[in-house]
Every structure is written in structure tokens, then in C-alpha cells.
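Below are the chains, spelled out letter by letter.
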Amino acid sequence: MKANYHLVWLGLVALLLGGCSAKLQQTTQLGGQELQKAEERLTHFMGQSCVEAVDSDVKLTWRAYAQQETYSAAMQAAAPALLRLSLNDSLGRPVLLLGSDGKTFTLADNLKAVGYTGSTELKYIRRFLPAFIPMEDLFSWLSGQVRPERMQAAAARTDAQGRVWWHGGSADGKTVHILALDEQNRLSRHLVADKQTDEILFEARYSKYGKTPKGCAWPGRIELAGKALEAEYSLEFSEIFGFEPIDQKQFHITLPPHFTVKQKNE
């Protein structure tokens, strides 16, 4: 494993989202019975009950500049935006440890005995998790779900291949959320696009779904890309230990006394 952990870690903190420029497909508005069926599918998807926490081991991969790196990590997450991520070395020892309540974060670099703390709205974080993605959507993106307010008054459209897409507005008025569901009515793609240019800024592709104790399924693999970031990433759940509620204390990282602590302000 290469030693440049910071470059990789910053990407991982960004929910593994990466960049390439692409535009939305041409679509046409649905009507009649087709529209009714599409609306029923979306209503069923948005209304299903789902788990609100996950305890797992994951594999994180980033691809950029003709290079690829894969890392093993332990991840706990809970709605709406709690996250604990431990990036391990080849012997399973934690190298970097992140804890966040969605508003603040603590990052521990065990190799350098340095800790970083700050707000999740800082450029340090938003460089990789753009401002048009609210932090409160974090668990939704991880679980293959969509917050209902992102798809209010959604319009159903179809492309040349007959696939249905649902277009919903964003609070900022500058972006749109676009969804595609698979044959089992699970989320297969979730895009955020520029409302004026149709450029895809942020995209997640979901696959390898498995069962949960609730009405929803859990994605086993998430592939992410988009213009807003500099690489392509994937997150694969190598083992899921459970979906039970997690004590919020688990997301608080206490830095050892000998660590140098640096407050992030930008």
C-alpha cells in the first residue's frame, strides 16, 4: 500500500464521488397510463421503510490519472449524516480514522500522530463533497435511498431505450435530481445535474442489492462519478454485520494526548 494516505483519504471522506464530464440523455415527457404507472412506482419507492444504520467492512477504490488504488476499511453510518470510517493498512491496523456527526468532523492520522477537527462545511470537506449535496443526505446516498423533498413534484420522462427517469427539483434552484429504478423498484442510478447546462455533476450507480430487516434493500456496490470531483470511486460492502441502531458515541473520535491537533478553518 502506498504511503500517500491523505490524497486518498480526502476522496474517501467525499463519499467516494468522482469527476468526469457528461450530459443527460435526451428524454420525453410521459403521459396517460405510462405516466400513472411511473408515478405509482416512484411513490412506492419513496414510501418504503428503510434501515437507519449500518455496521460494515468495505473496500474503497479510486481511479484517476491512469492509476487505481483499493483500500480496506471499517465503516459505521447512521441517518441522517453520522459516519465513522477507519482506513486500515495491509495488516488490518487503522491508519486514518474519521468521525463525524454531520456538522463537525475529527480526522486522526495515526502514522503522523496528528489530528484535524473542523466543520463539515469547510472547503477542506466541500472540495470533495460539493455544497449542492447537503450533509443531511449522506446516509441516503450510502443506502440507495432518496430524501422525499428532493423529488417533490417529480416529472416522469423516458429515453430512446424506453427507460423511465424521474426528474425532481433542488432547493438551490440550480440543480435537478434524476432517478432511475431497476426492475425490482430499487434505485439503480441517482444523478444531480446542472439545471441550465444538463451536465452531470454528481452520479451514483447502485448494484448487488441484499436484504435488510425493513422494506428496502441495501446496495452492495456503489460506483460514483461526476464533473464536480477529480476522480472516479467505488464503495463495495465486503461484509455487513448488521443494521441495528448505533450509539452516537461511536461517531465521536477522541484524539490521544500525544497527538498534535490542528483546527481546520478553510
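Residues numbered from 1 in each chain as written. Predicted model: local features only at pLDDT ≥ 70, side-chain atom pairs only at ≥ 80, totals over all residues. Heavy atoms only, no water.

Caption draft 1: The arrangement of the overall build of the chain in detail. Along the backbone of the chain there are four helices and 15 strands. Computed over the C-alpha atoms, the radius of gyration of the chain is 19 Å, within 12% of the 18 Å expected from 2.2 N^0.38 for a compact globule of 266 residues. Its C-alpha atoms give the chain principal-axis dimensions of roughly 65 × 40 × 30 Å. In the chain, which comprises 266 residues, the share counted as buried stands at 53%. (Helix = DSSP H or I, 4+ residues; strand = E, 2+ residues; numbered from the N terminus. Rg over C-alpha atoms; globule rule 2.2 N^0.38 Å. Buried < 20%, exposed > 50% of the residue type's maximum accessible area, 1.4 Å probe, protein only.)

Caption draft 2: The arrangement of the confidence of the model for the chain in detail. Per-residue confidence for the chain averages 87 on the pLDDT scale, and 90% of its residues sit at or above 70. Per-residue pLDDT stays below 50 along residues 13–20; that stretch engages in 44 contacts with residues further than four places along the chain or on separate chains. (pLDDT = per-residue confidence, 0-100. Contact = heavy atoms within 4.5 Å.)

Caption draft 3: Here's a closer look at the pattern of salt bridges. In total, this model carries 13 salt bridges according to the counting rule given. Residues R186 and D182 are paired through a salt bridge, measuring 2.9 Å at the closest nitrogen-oxygen approach. The class for R186 is partly exposed, based on a relative accessible area of 26%. What makes D182 buried here is its relative accessible area of 17%. Residues R221 and E223 are paired through a salt bridge, measuring 3.8 Å at the closest nitrogen-oxygen approach. On the accessibility criterion, E223 (32% relative accessible area) is partly exposed. Members of the salt-bridge network, linked through shared partners, are E136, D137, R147, E149 and R150. (Salt bridge = Lys/Arg side-chain N within 4 Å of Asp/Glu carboxyl O.)

Caption draft 4: Just the state of the cysteines, in detail. For the structure shown, the criterion picks out one disulfide. One disulfide in the model links C50 with C216; its S-S distance is 2.0 Å. Note on the C50 and C216 pair: the S-S dihedral is about 70°, so by sign convention the disulfide is right-handed. Here the residue C50 occupies a position in the loop between α2 (32–47) and β2 (53–64), and C216 occupies one in the loop between β12 (200–207) and β13 (221–225), the gap between them amounting to 166 residues. This pair shows no difference in class: C50 is buried, exactly as C216 is. (Disulfide = S-S within 2.5 Å.)

Caption draft 5: Focus on the side chain of S100. Of note, S100 is situated in strand β5 (residues 94–100). Of note is the side chain of S100, whose polar atom sits 3.0 Å from the backbone nitrogen of G102. (Polar contact = N/O pair within 3.5 Å; in protein donor to acceptor, adjacent residues only side chain to side chain.)

Caption draft 6: Geometry of the packing of aromatic side chains. Counted according to the given criterion, the structure contains five aromatic pairs. A ring pair is formed by F132 and F202, whose centres lie 6.3 Å apart and whose planes are at 90°; its orientation type is edge-to-face. Taken together, the residues span a long stretch of sequence, with F132 in the loop between α3 (123–126) and α4 (138–143) and F202 in strand β12 at a distance of 70 residues. Relative to F237, the ring of W218 has its centre 5.7 Å away and its plane inclined at 85°; by these criteria the two rings are edge-to-face. You can see W218 sitting in the loop between β12 and β13 and its partner F237 sitting in strand β14 (residues 232–242), a full 19 residues away along the chain. Per residue, the accessibility class of W218 equals that of F237, and both read buried. Grouping aromatic residues by their ring pairs yields a cluster made of F139, W218, F237 and F243. Residue placement shows R163 over the ring face of W165; its charged tip is 5.6 Å from the ring centre. (Phe/Tyr/Trp six-rings, centres within 6.5 Å; stacked < 30°, edge-to-face > 60°. Lys NZ or Arg CZ within 6 Å of the ring centre and 35° of its normal.)

Caption draft 7: Layout of α2. Its 16 residues give α2 an end-to-end C-alpha distance of 23 Å, which sits within 8% of 22 Å, the value for a rise of 1.5 Å per residue. If you check which residues of α2 are buried, you get A38, L42, F45 and M46. When α2 is viewed along its axis, its buried side chains cluster within an angular range of 95° and face the same direction. Pointing more than 90 degrees away from the buried face of α2 are the exposed residues G32, Q33, K37, T43, H44 and G47. (Expected span 1.5 Å × (residues − 1). Arc of directions from axis to C-beta.)

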